[in-house]
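# Remarks on the overall topology
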Amino acid sequence: MDETVIVDNLRVHFLLEDTIVKAVDGVSFHVNKNETLALIGESGSGKSTLGKLLLMLIKPTSGEVYFNGLNLTKMRDRELRKIRQEMQLIPQHPEDALDPKWKIYDSMVEPLRIHKLVNGKSEEKELVYELLEMVGLQEEHLNRYPHELSGGELQRVVIARAISLNPKFIVCDEPTSMLDVSVQASIINLLLDLQKKLGLAYLFITHDLEIANVVADRIAVMHHGKIHKIS
Amino acid sequence: MGIDANISFNFMRRYLKNNTIFGLAILLFLIATVILSPLTADPTKIDLQNNLQPPSLKHMFGTDNLGRDVFARIVHAAKVDLTISLVIVGLSAVIGIAIGLISGYYGGIIDKITVCLIDIFLALPELILALVIVGALGPGLLNSALALVALGWVRYARIVRGSVMSVKERQFIEVSKAVGIDDFNLIVKHILPNVVTPAITLAMLHLGHAVLSLASLGFLGLGAQPPTPEWGTMLNEGRVYLREAWWMSVFPGLAIMLTVLSFTLLGDGLRDVLDPKSRRLVYG
C-alpha cells in the first residue's frame, strides 16, 4: 500500500444566508508516501478548505478521508487528537501561527508536551536544539516572542513545531506566499530537504505554478470546489 | 495646527499620568488607614453624653447621634467596604470570564442563552435589580454582596465573549488544534491570555462601581446592619441629623467619593498602560 492519504468523494457545503456554498464538491484523490502533491487553484477555489478537511479541522458534509488505512471521518475527537501526531499543518500566515503571548521555546515544545513525548527538562531541551539545527535557527531565538522574529524565521519555527512529532504527512497551506522571494526559496529548500530526510508526504497548496513545478511530483488543479486534472 | 495638536496631546498624556498618580496616592492612603484602623477609638462605643459633637481635637470628625467617634467609624468602614468590594469584583470577574470563554468558544445554544441573559441584565437598571435580589434574600452585607456578584459578572462575560470570538478565528488556534490540543488546554493556555487584558481594566473600574453600589444598598438600609460601620449605612444614619450635625453625612460621603475617584483614575491609567489603542471603556 503506497498511499498515505486517500480522499474519496469529499464534499463540504456551507449554508450562507440561504444559499448553499459548495466549497469542496466531490473531490477524490490520493497522496503517496514520500510524495508531494501540489494543489493549485485561484483564490476561493476551495484549496485551503480542502487542506483543513484532510486534517479534520473542518468536518466534511459527506465523503471519506483515509489516513494510513484509518477512516478519519468516522473517528471520535479523542482518537483524532492522537492521530494528529502523524499529520501536521503549516499555515499561510507565519506571523499569526504562533501564540503572541508565548515565547518561541514554549511554542516549540508545545506539541511534545501535549503528546507527552518527553520526560524532563533536559530531554526536552535536547530535542529542541536538535529541531533548531534541522530548520536552521539559533539558540538566541528561543527566548523571544513571535513579534520579534521575521516572517522567514517564524515559518522555520512553525516547521520545527510541525516536524517535532515525526509526522508522515504535512499540509503546507501556501507556506511561502507571505514571504519575500529570497526567503521563499530557502523555505522551499528546507521543506524539500526535510522531506528527503524524514520521508514526508506533502499536500502543497499554492497558487503559484512555478513553485508547484519545483516542489511537486504530481499537480492537481482545483476550480470551484472540484479537482479538474491530476498529472 | 499639527504642532497645536501635538502640544495638546502631550498635555493630555501628562494629565492622564498625573491623574493616575493621584488615584494611586488616594488608594495608598486608604490602605494605610485600614492597616492603622486598630489605633483609632472603638467605632461601636456608645457615649450618649457626648453625642452630636462637632469636629474637635478629641473627635476629629465629630461624634454621631449615639456619641460614637465618626472618624473611627469611617476608618473601620473602609475595611468593610474595601474588602467586600474586592470580593465582589473577584467573584464577578472569575464567573464572568469563565462564562464569556465558554460561550464565546463553543457558540451555539449556550452562546444564545448567555447573550440573551447579558442583554436582559444590561437593559434593566442595576440598582433596582440589586434591590429586588436583596429584598428576596433579606437585608445584610453578605446578601447585598451576593446580589452585586449576580449582576457584576455580566460585563466581564460580554467583553470576554467578544474577544474570544475574534481570537478563536486566528491561525495559532487552528495550528494548536492541528497539533492535537484538547479544548480545555486550548481555552486556558491560548485563548485566556489573549483576552484577559480588557477584563483586568474592567475590574479596576468595577471596584469603584462596587464601592458605590454597596454604599447605595447600605444607604437604603439593605446593606450592612447597625452597629457594623459602613459608609452607606452611616450616610443613612446622618441623613436625619443633616441640619444639626452635617459631619455625620459629609465625611462618609467624602470617603465614598474619594474611593470611587481613586479606582476610576487607576482604571483609566491601567487601561492606557495595558491597552493603549482603546481609549474608551466606560463602566456603568
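Residues numbered from 1 in each chain as written. Chains lettered and ligands numbered in written order. Predicted model: local features only at pLDDT ≥ 70, side-chain atom pairs only at ≥ 80, totals over all residues.

## Comments concerning the nonpolar core
If you look at soluble globular proteins, the nonpolar side chains tend to sit buried side by side. Core analysis: the biggest nonpolar cluster contains 65 residues, and L39, L54, C172, L203 and F204 of chain A have the highest contact counts within it. For this core, the element with the most residues is helix α5 (residues 151-163) of chain A, which contributes seven residues. I97, A203, L217 and M234 of chain B belong to the second-largest nonpolar core, a separate cluster that totals 64 residues. (Core = buried A, V, L, I, M, F, W, Y, C linked by C-beta atoms within 7 Å. Buried ≥ 20, exposed ≤ 12 C-beta atoms within 10 Å, placed from the backbone. Helix = DSSP H or I, 4+ residues; strand = E, 2+ residues; numbered from the N terminus.)

## Points about the confidence of the model for chain B
Detailed reading of predicted coordinates is not advised where the pLDDT is low. With 90% of its residues at a pLDDT of 70 or more, chain B has an overall mean of 89. Model confidence for the complex is summarised by a pTM of 0.87, with the ipTM given as 0.91. (pLDDT = per-residue confidence, 0-100.)

## A closer look at the interface of chain B and chain A
As a measure of interface size, the accessible area lost when the parts come together is often cited. Contacts between the two partners involve 15 residues from chain B, matched on the other side by 18 residues from chain A. Secondary structure elements with two or more residues in the side of chain B that touches chain A: α6 (171-179) and α7 (183-219) of chain B. Tallying contributions element by element places α6 of chain B first for the side of chain B that touches chain A, with eight residues. Counted by class, the side of chain B that touches chain A contains six nonpolar, five polar and four charged residues. (Contact = placed C-beta atoms within 7 Å. Nonpolar A, V, L, I, M, F, W, Y, C, P; charged D, E, K, R; others polar.)

## Examining α5 of chain A
If you check α5 of chain A, its first and last C-alpha atoms are 18 Å apart, about what 13 residues at 1.5 Å a residue would give, namely 18 Å. Buried residues along α5 of chain A sit against β6 (87-90), α3 (104-114), α4 (120-135), β7 (169-173) and α6 (181-198) of chain A. (Expected span 1.5 Å × (residues − 1).)

## Description of the sheet that holds β7 of chain A
Residue and element names in this part refer to chain A. With mixed pairing, six strands are arranged side by side in an open sheet as β6-β7-β8-β3-β9-β10. Each edge of the open sheet is held by one strand with a lone partner, namely β6 and β10 (226-230). Each neighbouring strand pair of the sheet contributes to a mean axis angle of 20 degrees, computed without reference to strand direction. Where α5 meets the sheet, its contacts fall on β6 and β7, and the angle it forms with β6 comes to roughly 175 degrees. (Pairing = 2+ DSSP bridges. Axes fitted to C-alpha atoms, helices over the stretch in contact; angles between N-to-C directions.)

## Let's talk about the pairing of strand β2 (residues 19-32) of chain A
Moving residue by residue along a regular strand, the side chains alternate between the two faces of the sheet. Residues and elements named next belong to chain A. With 11 bridges connecting them, strand β1 (residues 3-16) and β2 associate as antiparallel partners. Residue pairing for β2: E3 is matched across the bridge by N32. Linking β1 back to β2 in an antiparallel pair, the connection comprises two residues, with E17 at a positive phi of about 50 degrees.

## Topic: the packing of α3 of chain A against α5 of chain A
Residues and elements named next belong to chain A. One can describe the packing of α3 onto α5 by two numbers: an axis separation of 7 Å at closest approach and a directional angle of 25 degrees. Taken together, α3 and α5 sit at an angle that is classed as roughly parallel. By crossing handedness, the relation of α3 to α5 is classed as right-handed. Of the residues in α5, those touching α3 at I104, S107, M108 and P111 are V157, A160 and R161. Its residues assigned to classes, the contact of α3 with α5 comprises five nonpolar, one polar and one charged. (Parallel < 35°, antiparallel > 145°, perpendicular 65-115°, else oblique. Left-handed = near helix turned anticlockwise from the far one by under 90°.)

## Quick notes on unusual backbone geometry
Following P226 of chain B, the chain continues into P227 of chain B via a peptide bond in cis, with omega recorded as 5 degrees. Along the chain, P227 of chain B falls in the loop between α7 and α8 (231-239). In this structure, M56 of chain A is a non-glycine residue whose phi angle is positive, near 60 degrees. In this fold, M56 of chain A is placed in the loop between α1 (47-54) and β4 (62-67). Since 20 C-beta atoms lie within 10 Å of it, M56 of chain A is described here as buried. Even without being a glycine, N68 of chain A presents a positive backbone phi close to 50 degrees. Within the fold, N68 of chain A resides in the loop between β4 and β5 (70-71). Residue N68 of chain A is classed as partly exposed on the basis of its C-beta count, with 16 C-beta atoms lying within 10 Å.

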